Amino acid sequence: MAYKISDACISCGACAENCPVAAISQGDTQYNIDPDTCISCGACAGVCPVGAPAEE
Ligand code: SF4
Ligand code: SF4
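Everything numeric in this text was worked out from a predicted model, so none of it was measured.

Colleague: Explain unusual backbone geometry to me, using residue names and the numbers behind them.
Modeller: Residue Ala-22 is not a glycine yet carries a positive backbone phi of 55 degrees. Locating Ala-22 in the fold gives a position in the loop between α1 (14–18) and β2 (24–26). Phi at Ser-40 is positive, roughly 55 degrees, even though this residue is not glycine. Relative to the helices and strands, Ser-40 resides in the loop between β3 (31–33) and α2 (43–47). Since its relative accessible area comes to 24%, Ser-40 is described here as partly exposed.

Conventions we followed
Residues numbered from 1 in each chain as written. Chains lettered and ligands numbered in written order. Predicted model: local features only at pLDDT ≥ 70, side-chain atom pairs only at ≥ 80, totals over all residues. Heavy atoms only, no water. Helix = DSSP H or I, 4+ residues; strand = E, 2+ residues; numbered from the N terminus. Buried < 20%, exposed > 50% of the residue type's maximum accessible area, 1.4 Å probe, protein only.

This is the structure we're talking about:
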């Protein structure tokens, strides 16, 4: 199961900087996770200030 970023995302970029497999990219309104690349390590959830990434 991959992680997914909710619309609570404030686009701070912390998750993308801490993803070990570069699965997170900036979108128009929020950051997004490529589910095929995500290895579900949880690092993004650990650094997000608003709790936006969660396991699907
Ligand atoms: Fe990257 Fe890990 Fe978050 Fe998946 S769970 S997007 S691998 S930091
Ligand atoms: Fe959005 Fe959280 Fe990632 Fe920041 S760390 S870009 S608020 S999901």
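We are not done yet, so read on.
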